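Chain by chain, the residues run as shown.
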Amino acid sequence: MIETPTQTKNQTFDLLNFEDTLEKIKSQAIWSEHDPEGLKKEFQWLKESGALKIVLPGEALDFNQPNMPELLNLLKAVGKANLSVGRIFEGHINTLYLIHLYANAQQKKEWYQGVQDQGHLFGVWNTQAQNGIQFYPEADQFKISGSKTFCSGVGIVDRALITGNIDYTDRKGWQMAIVDMSGISEQNIDKNSWKPLGMQASGSYTVDFSGYLLDESDLISRPGIYLNQPYFSGGAIRFAAVHLGGAEAIAENTIEYLLSLNRTEDPIQRLRLSNIMMQLVSGRLWLEKAGQHYDEWADDKTHEQDLIAFANMTRVTIEDICLRIMDESNKCIGARGLMAPYDMERIFRDLTFYLRQPAPDATRLNVADFFIKKQQTGHESNI
Ligand SMILES: Cc1cc2nc3c(=O)[nH]c(=O)nc-3n(C[C@H](O)[C@H](O)[C@H](O)COP(=O)(O)OP(=O)(O)OC[C@H]3O[C@@H](n4cnc5c(N)ncnc54)[C@H](O)[C@@H]3O)c2cc1C
């Protein structure tokens, strides 16, 4: 059950139907990892449920309204059903948020309409290796050269927000642009680049965008804005929510497994279960508070550093929580429980891999910086 106030607010989003969608996604997860079509079916279901457009103007979790705790609950619920689906869905929501923050009125109209009328799926692909993205001027357009790595959902994503270097008249720096993926050939997707421990189904292949031509109207805002704070660091709470969904699935599966073997009376197993559940509940509380702070502080410059620090803490605390839950569950269920057809075999692989996100050490050091400076400067803050 998704615990979210959208149940009362929401007129256009059928929550009961959405619960059914999540159930279908969950039961499909065992097959989808090996499906050559990837997660096509799952995203068709999400489209039909209305979830792809849920953050658009006038919809249940409209970005123009303070809805972050509810959005985090939704992301957690999707992650719980299937972490790969959660990863791609979160990328879609992130792209729509960047469009909400930085795109002009005409761009918003066009891209929102794509979601609304055609169920377009979006993704953000920022990560790259040495052969990263450059935008070169060509006549009145820009030609792309280079590749992106970790392109989650390529194959089902209709519009990708990519970032790259531009150096042309007054446009200099890290530029965002939207690519229509129907213009990228299958041959530009390197299927050999994705042999991960887990998250196989997210299909996060390397994509070569070289030769694709962008119009000026495909460029979002000015260079550098992608890294704008507090939105850049603050957004980490969204992937943390998906991660916690994976941990929630492990917790439930662990109890189910012990019940099926009549092992829940054993005091050592009970002790481990209580540790798992205390970690999980603390993760939920972190997320709830992070969502509330986001709504209170995102547009208040005086709380920018507070928001970033709280998002940083939430992200790394949830990483630790997920690792602890896996450690305890691992000992609860043993080797037998970690074998297929039990779902935990896959969820452990997926969560272990997906927890590896950018700059985990630097994030912790930034938390320390915040509290040292807070004490030095006497900065008023309620965290
Ligand atoms: C399933 C999955 C899907 C993804 N999908 C997308 C996507 O759709 N779009 C996208 O843009 N990205 C995506 N990513 C990429 C993600 O955002 C990160 O860039 C990536 O996971 C970080 O990889 P890494 O752990 O190898 O990082 P690394 O930076 O190599 O970090 C590994 C470790 O090294 C440490 N470290 C980092 N730099 C240094 C240094 N200079 N010296 C010493 N130590 C250092 C880190 O603190 C960490 O402990 C995805 C990642 C995953 C796992």
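The coordinates are above.
Residues numbered from 1 in each chain as written. Predicted model: local features only at pLDDT ≥ 70, side-chain atom pairs only at ≥ 80, totals over all residues. Heavy atoms only, no water.

Structural notes on the site of the ligand
What surrounds the ligand is a group of 15 residues, the closest being Arg87, Asn126, Thr127, Arg356 and Asp361. Threonine 127 is positioned with one of its side-chain polar atoms (N or O) 2.7 Å from a nitrogen atom of the ligand. A distance of 2.8 Å separates a nitrogen atom of the ligand from a polar atom in the side chain of serine 152. For the shell around the ligand, the secondary structure elements donating two or more residues are strand E1 (122–125) and helix H12 (360–377). A breakdown of the residues in the shell around the ligand according to their chemical character gives 7 nonpolar, 5 polar and 3 charged. Residue contributions to the shell around the ligand reach at least three from each of two domains, namely domain 2 (124–225) and domain 3 (231–377). (Near = heavy atom within 4 Å. Polar contact = N/O pair within 3.5 Å; in protein donor to acceptor, adjacent residues only side chain to side chain. Helix = DSSP H or I, 4+ residues; strand = E, 2+ residues; numbered from the N terminus. Nonpolar A, V, L, I, M, F, W, Y, C, P; charged D, E, K, R; others polar. Domains from an automatic or database assignment.)

A look at the pairing of strand E4 (residues 147–151)
For a regular strand, side chains alternate in direction, first toward one face of the sheet and then toward the other. Buried residues dominate E4, accounting for 4 of its 5 residues. Relative to strand E8 (residues 205–208), E4 runs antiparallel, the two being bridged by 3 bridges. Note that in E8 the partner of serine 147 across the bridge is aspartate 208. (Buried < 20%, exposed > 50% of the residue type's maximum accessible area, 1.4 Å probe, protein only. Pairing = 2+ DSSP bridges.)

Examining the sheet that holds E8
Taken in spatial order, the 3 strands make up an open sheet running E4-E8-E7, and their pairing is antiparallel. The sheet is open, and its two borders are formed by E4 and strand E7 (189–190), each paired with just one other strand. As paired elements, E7 and E8 share 2 bridges and run antiparallel to each other. For aspartate 190, the partnering residue across the bridge sits in E8 and is threonine 206.

Overview of the packing of helix H5 (residues 83–102) against helix H8 (residues 236–260)
If you want to describe how two helices pack, look at the angle between their axes and the distance between the axes. Remark: H5 packs on H8, axes separated minimally by 10 Å, with the N-to-C direction vectors making an angle of 160 degrees. As judged from the angle between their axes, H5 and H8 are roughly antiparallel. Crossing angle aside, the handedness with which H5 passes H8 is right-handed. Of H8, the residues touching H5 (which contributes Leu83, Gly86, Arg87, Glu90, Ile93, Asn94 and Tyr97) are Arg238, Phe239, Val242, His243 and Gly246. (Axes fitted to C-alpha atoms, helices over the stretch in contact; angles between N-to-C directions. Parallel < 35°, antiparallel > 145°, perpendicular 65-115°, else oblique. Left-handed = near helix turned anticlockwise from the far one by under 90°. Contact = heavy atoms within 4.5 Å.)

Some details on the packing of H5 against helix H11 (residues 344–354)
The N-to-C vectors of H5 and H11 enclose an angle of 35 degrees; their axes lie 10 Å apart at closest approach. Side by side, H5 and H11 meet where Leu83, Arg87 and Glu90 of the first sit next to Ile347, Asp350, Leu351 and Tyr354 of the second. Here the contact of H5 with H11 is built from residues that sort into 4 nonpolar, no polar and 3 charged.

Overview of the pattern of salt bridges
All chains considered together, the criterion is met by 20 salt bridges. Among the ionic pairs, lysine 40 bridges to glutamate 37, the shortest N-O distance being 4.0 Å. Looking at lysine 40, the relative accessible area reads 47%, which means it is partly exposed. Taking relative accessible area as the criterion, glutamate 37 reaches 49% and is therefore assigned partly exposed. Glutamate 319 serves as the salt-bridge partner of arginine 364, at 3.7 Å between the closest nitrogen and oxygen. With a gap of 45 residues between them, arginine 364 in helix H12 and glutamate 319 in helix H10 (residues 304–337) connect regions that are remote in the sequence. (Salt bridge = Lys/Arg side-chain N within 4 Å of Asp/Glu carboxyl O.)

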